[in-house]
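Coordinate inspection notes
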Amino acid sequence: MTLPRPGIDPELRTLMADMPLMSELTPELLRQLRQFPSASVDALLEGRKVERREVTAPGGDGTRIPLSVFTPTGPASTPVAPPTGAPCVYWVHGGGMVMGDRFAQLDIPLEWLDLFGAVVVSVEYRLAPEATGTALVDDCYDGLLWVVEHAEELGVDPARIVVAGASAGGGLAAGLTLMARDRGTPAIAAQMLIYPMLDHRDVTTSSRQYAGGPGVWTREMNAFAWRSVLAGLPDEEVPGYVSPARADDLSRLPTTYIDAGSAEVFRDEDVAYAGRIWAAGGQAELHVWAGGFHGFDALYPKARVAEAARRARTHWLSRVLDASSDA
């Protein structure tokens, strides 16, 4: 039975009229999609006062983890009270954990470089199905450790590191934040989870609403991605670091921002995650954007609902950075 769905925002619906949509992912289709680069870094940096540096961080299993470091070279347009170093946004890209690279959705954190003078570090984690289990979140965690260890060299205030990511990157950001809490290091000032991919079980109402037809990200595509990551791991053995909705304890997390569209697979798991943070005594800000489909603000950043979503994140981040600079 097809479930009724929340409608897509009229402006977005018009913009996406000619967008090629898919119903499912297959290994062959994934190979084809991986041939297309996520974004032109040169185009993103054009006109910005920024220095780019490419480094690699050591992984726990001997893997070298590529990191792109973007450092502002001009004054921030909306300065926050300057302590000894700049704030840092540690960016984790989306792509279902099966595609994409560290330049995907990079325009989002680069806005914060422009506004706040934040150093942006984007991590290139290994992808499924070539890497499975905790390998992806381990890469993200090890990259973050490198940032903290090199904070002085990077001009970063280690007390003002914000972990952020979109879609699969949001889920990995949530997982590495849980990992950092459990291991006692590093300190994370805040986490921003943009329509995050949090629950491998794929059983929510919103997941079932966006099944059985083409879309930007469907239940069937989501199931393919999770199968690629989990590689047959039994449900009861899936760690919360990989599927954060499985985590038993959401206490002692840094202040959190979560958003989603009302017309997407991840809506209900994202709302539930915010609710569990509140239930554990934590602080979370939640936005569900009426008529937003998955990735709406990245695909159509000039649409009014997309501008509202980006503006709300920026306002929240400004408050977080102001508070951390006063601490």
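Presented here is a report on the structure given in the accompanying data block. (Residues numbered from 1 in each chain as written. Predicted model: local features only at pLDDT ≥ 70, side-chain atom pairs only at ≥ 80, totals over all residues. Heavy atoms only, no water.)

Quick notes on the overall build of the chain
The condition is simple: The numbering of helices and of strands both runs from the N terminus, where a helix is a DSSP run of H or I of at least 4 residues and a strand a run of E of at least 2. Every radius of gyration here is taken over C-alpha atoms, with the globule rule written as 2.2 Å times N^0.38, N being the number of residues. Burial here depends on accessible area, computed with a 1.4 Å probe over protein chains only, as a share of the maximum for the residue type. Under 20% is buried, over 50% is exposed, and the range in between is partly exposed. Contact criterion: two residues are considered in contact whenever any of their non-hydrogen atoms come within 4.5 Å of each other. Method for areas: the Shrake-Rupley scheme with a 1.4 Å probe, in which residue coverage is limited to the protein chains shown.
Across its full length, the chain carries 12 helices and eight strands. For 327 residues, the compact-globule estimate of 2.2 N^0.38 gives 20 Å, and the C-alpha radius of gyration of the chain, at 18 Å, lies within 12% of that figure. Its C-alpha atoms give the chain principal-axis dimensions of roughly 60 × 45 × 45 Å. Burial analysis of the chain (327 residues in total) assigns 55% to the buried set. Taking contacts inside the chain between residues at least 6 apart in sequence as the whole, the part at least 24 apart equals 76%. For the chain, the accessible surface area stands at approximately 13500 Å², while carbon and sulfur atoms represent 54% of it.

Regarding the environment of Asp42
Relative to the helices and strands, Asp42 resides in helix H3 (residues 41-45). Each C-alpha atom, one on Asp42 and one on Gly85, is 26 Å from the other, the two residues being 43 residues apart in sequence.

A few points about the nonpolar core
Put simply, the rule reads: Buried residues of nine kinds, namely Ala, Val, Leu, Ile, Met, Phe, Trp, Tyr and Cys, make up a nonpolar core once their side-chain atoms join them within 4.5 Å.
Grouped together as the largest cluster of nonpolar side chains are 67 residues, with contacts concentrated most on Tyr90, Val92, Tyr125, Leu176 and Tyr273. Non-local contacts of Tyr273, meaning those with residues more than four positions away in its chain, are made with Ala174, Leu178, Leu193, Leu198, Pro244, Ala245, Leu250, Leu253 and Ile258. Grouped together as the second largest cluster of nonpolar side chains are 42 residues, Leu12, Ile108, Val162 and Ala190 included.

Describing the pattern of salt bridges
Spelled out, the test is: What counts as a salt bridge is simple: a side-chain nitrogen of Lys or Arg found within 4 Å of a carboxyl oxygen of Asp or Glu.
In the structure shown here, the tally under the stated rule is 21 salt bridges. Of the charged contacts, one joins Arg201 and Asp199 as a salt bridge, the two residues approaching to 2.8 Å between their closest N and O atoms. Overall, Asp199 belongs to the buried group, its relative accessible area being 8%. With a shortest N-O distance of 2.7 Å, Arg319 and Glu285 are connected by a salt bridge. Note that Arg319 is positioned in helix H12 (residues 304-326) and Glu285 in strand S8 (residues 284-289), a separation of 34 residues in sequence.

Thoughts on helix H4 (residues 107-116)
Three- or four-residue spacings in an α-helix give side chains the same orientation, since the helix completes a turn every 3.6 residues. Inspection of H4 places Ile108, Pro109, Leu110, Trp112, Leu113 and Phe116 among the buried residues, and these make up the whole buried set. Of the residues one or two after H4, Gly117 is the one with positive phi, at around 70°.

Section: the side chain of His294
So the rule is basically this: Counting of polar contacts relies on pairs of N or O atoms within 3.5 Å, with two restrictions inside protein: one atom must be capable of donating a hydrogen and the other of accepting it, and residues adjacent in sequence are counted only when both atoms are side-chain atoms.
Examined against the element boundaries, His294 turns out to sit in the loop between S8 and helix H11 (296-299). One polar contact links His294 to Ser167, side chain to side chain, over a distance of 2.8 Å. In terms of polar contacts, His294 uses its side chain to reach the side chain of Glu264, at 2.6 Å. Those residues in contact with His294, other than ones at most four positions away along the chain, are Ser167, Tyr195, Val216, Trp217, Ala263, Glu264, Phe266 and Leu299.

Regarding the sheet that holds strand S7 (residues 255-261)
Note the threshold: Pairing between strands is defined by DSSP: at least two bridges between the two strands are required. Only the stretch in contact is used when fitting a helix axis, every axis being a line fitted to C-alpha atoms; angles between N-to-C directions are given from 0 to 180 degrees.
Ordered in space as S1-S2-S4-S3-S5-S6-S7-S8, the eight strands form an open sheet in which the pairing is mixed. Every interior strand has two partners, whereas the edge strands, strand S1 (50-58) and S8, have only one. Here the strands of the sheet are splayed against their neighbours by 20° on average, with no regard to which way each runs. Of the pairings in the sheet, the one linking strand S6 (residues 190-194) to S7 comprises five bridges and is parallel in character. Along S7, the bridge assignment pairs Gln191 with Thr256. Relative to the sheet, H4 contacts S1, strand S2 (64-72), strand S3 (86-92), strand S4 (119-123), strand S5 (156-166) and S6, its axis offset from that of S3 by approximately 175°.

Nothing here speaks to function; it is all geometry.
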